[in-house]
Amino acid sequence: MDYINLTFFDLALASLLILINGGISLALGLGLERTLFINTVRMTVQLVAIGFVLKFIFMQTSPIWTLGLALIMIALAGKEILNRQTHQLKGVRAYGLGATTLFCVGFICTLFAIFLLLEPEPWYSPRYFLPVLGMIIGNTMTGIGLGMETLTTSVKRDLKLIEDRLSLGQPRFIALGEHIRKAMKTGMMPIINAMAASGIISLPGMMTGQIISGVDPIEATKYQLMIMFLIAGGTALGTTGGVVGMVYLLTDERHRLRLERIKS
Amino acid sequence: MLEIINLKNEIFGPVALEVNEGQSIVVRGASGSGKTRFMRAIADLDEASGEIYLNGQDRKDLSAYEWRKRVRFVSADSNWWFETVEEHFDPEFELENNMRKLSLKPELMNWHVSKLSTGERQRLAFLRAIADEPQVLLLDEPTSALDENSTEKLEQMIESIKSNGTIIFIASHHSEQVKKFGPNEIFFSNEAVEVNLSRPEKLKSSIK
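From a predicted model like this one, the values you see are computed outputs, not experimental measurements.

Some words on the pairing of strand E2 (residues 15-19) of chain B
Residues and elements named next belong to chain B.
Line of reasoning, step 1. Most of E2 sits out of view: four of its five residues are buried.
Line of reasoning, step 2. Across four bridges, strand E1 (residues 2-8) lies against E2 in antiparallel orientation. Paired with leucine 7 across the strands is valine 15, a residue of E2.
Line of reasoning, step 3. Hairpin remark: E1 followed by E2, antiparallel, with six residues in the connecting loop; positive phi at glycine 13, about 95 degrees.

Remarks on unusual backbone geometry
Glycine aside, the phi torsion of most residues is negative, and most peptide linkages are trans.
Line of reasoning, step 1. Going from A:Glu121 to A:Pro122, the amide bond is cis rather than trans, its omega being -5 degrees.
Line of reasoning, step 2. Between B:Gly182 and the following residue, B:Pro183, the backbone shows a cis peptide bond with an omega angle of 0 degrees.
Line of reasoning, step 3. With respect to the secondary-structure elements, B:Pro183 resides in the loop between helix H6 (175-181) and strand E9 (185-188).
Line of reasoning, step 4. Of note in this structure, B:Asn6 is not a glycine but carries a positive phi near 50 degrees.
Line of reasoning, step 5. Within the element layout of this structure, B:Asn6 appears in strand E1.

A word on the interface of chain A and chain B
Line of reasoning, step 1. Each partner contributes residues to the interface: chain A has 15 residues there, and chain B has 15 residues.
Line of reasoning, step 2. The element contributing the most residues to the side of chain A that touches chain B is helix H6 (residues 159-167) of chain A, with seven residues.
Line of reasoning, step 3. In terms of residue class, the side of chain A that touches chain B is made up of four nonpolar, four polar and seven charged.

Concerning the sheet that holds strand E5 (residues 57-58) of chain B
Line of reasoning, step 1. In space, the four strands of this open sheet follow the order E2-E1-E4-E5 (chain B), with antiparallel pairing throughout. If you trace the sheet from one side to the other, it starts and ends with E2 and E5 of chain B, each paired once.

Focus: the pairing of strand E4 (residues 49-54) of chain B
Residues and elements named next belong to chain B.
Line of reasoning, step 1. Here E1 runs beside E4; their pairing, made up of five bridges, is antiparallel. Following the sheet pairing, lysine 8 is matched in E4 by serine 49.
Line of reasoning, step 2. For E4 and E5, the ladder comprises two bridges, and the chain directions are antiparallel. Its bridge partner being in E5, leucine 54 is matched across the sheet by glutamine 57.

What counts and how
Residues numbered from 1 in each chain as written. Chains lettered and ligands numbered in written order. Predicted model: local features only at pLDDT ≥ 70, side-chain atom pairs only at ≥ 80, totals over all residues. Buried ≥ 20, exposed ≤ 12 C-beta atoms within 10 Å, placed from the backbone. Helix = DSSP H or I, 4+ residues; strand = E, 2+ residues; numbered from the N terminus. Pairing = 2+ DSSP bridges. Contact = placed C-beta atoms within 7 Å. Nonpolar A, V, L, I, M, F, W, Y, C, P; charged D, E, K, R; others polar.

Listed below in structure tokens is the structure:
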């Protein structure tokens, strides 16, 4: 495959565009220049570092390195889910729920793609395993996070209504039925909307990358479609896992609401 | 028979008592003294230690929702989840007939819940609570939003349910109502729970 190599000078030139950003912030008094500077440096360091890490891991082609990095990616994405919750649970419960769901969904979908669709040799070949896992957890974490967040917020708001339903003898999954459905919908909407937009409004990042690196556009499309199907399936599974898990964390085995488990 | 043995949590108790079918107990005490918490704990909506048996059956042996089908807590202010009143009721329940008994216009049942007055909602919430005939009713100030006439109608309905064997707990501040559903009463104060019963041989008392 042929593609044009970027020189460091090219990159330095591109980075000048950030200065425009900073200039606007200064001119309009937005106060963003400090954050902008820090985040630019952070992004550069992170990307360079992951570049070297990937280069190292690609040279190893060992299941331990591949799976090790996979676990680190999931652990960090789990933290990201937690950070997006306005009403976090006390203790490790909320992090545990997000990370466990992500772990199950990430591995189910990635192994499905690896063993049934891509079939690379060996199966743990990091070149396939890690990008596919990354795309899946990067997108499903949005669904999981949104689902959990929507459920907690609406249950907190409708506490009395739910207690009325519980006191009438409804089991928790019936008493919380409307709230569960709303949380599931909210979690799944972004990916459903993204499907409609992709190809017209946006050319997905992975597809763009493949085309630039010389892959035939039709082949790139096939990859992109596969990834979108995986993400859509993963989001449905993940949102269900996150929301159902959250129902268990917000109630107890006697079908009582336990909102004191939410940090005030 | 409802048997409560040393029911206790951080707000109230321990309380021990036995109530027979068709009996009523008035729950009295200042606001914040634990009346509501006590009744919620009987319905298993709040955590509490101790044991409760209904007709010899241990509460622990039933799932929480089966227990609440039998032991029903009715809060003073009601919440509704469907749009119209009617959707909240089983079609088999004689809603129209019962609404008339509480001087509610039958056309209310097709109304949007948000259009109802507080008093209308309170009476409808009572009907919603008795529709599947629970064996124990825990009523938290059931007439707090009602005028004299509606109060009387609702009290009549409580009386008739009671005479059919339902056990009634009623939290109340009205002396008339206390008289009507007394003389058995539980009095909550900040220091202790006092249980005053007309037939002490049947009903145990307890002091903190």
